[in-house]
Amino acid sequence: MKLLLTDSGIKNASILAALVDLLGKPIAESSALCIPTAGYGGPYADPGGPWRFISGRSPSPMTELGWKSVGVLELTALPSVDEALWVSWVQEADVLLVNGGDPLYLSHWMRESGLADLLPSLPDTVYVGLSAGSMVMTPRVGADFVGWKPPGGGDSTLGVVDFSIFPHLGHPACPENTMAAAERWAAAIASPAYAMDEQTAIKVTDGTIEVVSEGQWKLFNPAS
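Rules of the game
- Residues numbered from 1 in each chain as written.
- Predicted model: local features only at pLDDT ≥ 70, side-chain atom pairs only at ≥ 80, totals over all residues.
- Heavy atoms only, no water.
- Helix = DSSP H or I, 4+ residues; strand = E, 2+ residues; numbered from the N terminus.
- Buried < 20%, exposed > 50% of the residue type's maximum accessible area, 1.4 Å probe, protein only.
- Phe/Tyr/Trp six-rings, centres within 6.5 Å; stacked < 30°, edge-to-face > 60°.

- Taking an unreviewed UniProt entry as the reference, the protein is identified by name as Peptidase E belonging to Streptomyces aquilus.

Below is the structure:
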C-alpha cells in the first residue's frame with residue numbers, strides 16, 4: 001500500500017500535499033473509508049472519540065477534508081458481515097483513514113477481521129494513519145505504549161514497515177512525551193524508530209521513506 005503515517009492527521013499544507021500526491025488525484029474525486037476501531041481500545045477510551053473522528057469534529061483533520069464520499073468500516077463488525085461484501089467496500093475505496101486510540105487493540109482487530117490479510121493486495125490504496133492508526137503498521141510499539149493487553153501479550157503490531165513510532169512529541173496533552181523519554185523508548189526498541197510531533201508524518205511508497213514535517217522529529221537507531 002501507499003502509506004501516510006501521521007501523528008495527528010492532516011495538520012499542515014505539507015502533509016496535505018503528500019496525501020494528494022499519494023492519491024494521484026484531488027481529494028474531491030476520492031472516496032474514503034474511515035476506521036474508528038482503535039478509539040474503543042485502551043484504558044482511557046470513551047465513545048465520544050470515535051464519534052468526533054467519524055463526524056470530522058476532532059482536532060486531527062481526516063474525514064472533513066472534502067472527500068467525494070466517506071464511509072465507516074468498523075472492524076469489530078466485520079466477522080459478522082459477508083466477507084465478499086466488505087472486501088468489495090475496501091477494494092473500491094481510494095483511501096483508508098484509520099483512527100487513533102490503542103494500537104494493540106487496533107492490531108488485534110485488523111487481524112481478527114481479516115483486513116490485515118487483505119492489505120497486501122491493495123497496491124493502489126492509500127492508507128492514512130492517525131497516531132495509533134500509524135503505530136499499528138510498525139513491528140512493535142514498545143512497553144510505554146501498551147494499554148490494551150492482547151491475548152498473547154507483548155507489544156507486537158503488524159510490521160508492514162520496519163520502523164517504530166513515538167507519537168505526540170512535545171504535545172501539551174502528553175507532557176510525558178519528551179525527547180528524553182523518546183530516547184529511552186528508542187533504546188529499548190533497539191531498531192529504527194521515529195519520534196514525531198503533530199506537524200509531522202511519514203510517507204512510505206514502494207519501500208521509500210520520506211519524512212514530511214513542519215515541526216519536530218528525530219530518527220533513532222538508523223539502519224546501517
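Moving on, there is more to tell.
**A closer look at unusual backbone geometry**
Part 1 of the reasoning: Here His 168, not a glycine, exhibits a phi torsion of approximately 60 degrees, which is positive.
Part 2 of the reasoning: Tracing the sequence through the fold places His 168 in the loop between strand 6 (164-166) and helix 7 (179-189).
Part 3 of the reasoning: Looking at His 168, the relative accessible area reads 18%, which means it is buried.
Part 4 of the reasoning: Non-glycine residue Asn 221 carries a positive phi angle of around 50 degrees.

**What to know about the packing of aromatic side chains**
Part 1 of the reasoning: In total, this model carries six aromatic pairs according to the counting rule given.
Part 2 of the reasoning: With a centroid separation of 5.3 Å and an interplanar angle of 75 degrees, the aromatic rings of Phe 145 and Phe 166 are classed as edge-to-face. Here Phe 145, found in the loop between helix 6 (132-135) and strand 6, pairs with Phe 166, found in strand 6; they are 21 residues apart in sequence, far enough to count as distant. Here the two residues Phe 145 and Phe 166 agree in accessibility, since each one is buried.
Part 3 of the reasoning: With centroids separated by 6.4 Å and ring planes inclined at 80 degrees, the aromatic side chains of Phe 145 and Trp 185 adopt a geometry described as edge-to-face. Of this pair, Phe 145 sits in the loop between helix 6 and strand 6 while Trp 185 is found in helix 7, placing the two residues 40 residues apart along the sequence. Accessibility classification places Phe 145 together with Trp 185 in one group, the buried group.
Part 4 of the reasoning: Each member of the aromatic cluster is reached from another via a ring pair, and the members are Phe 145, Phe 166 and Trp 185.

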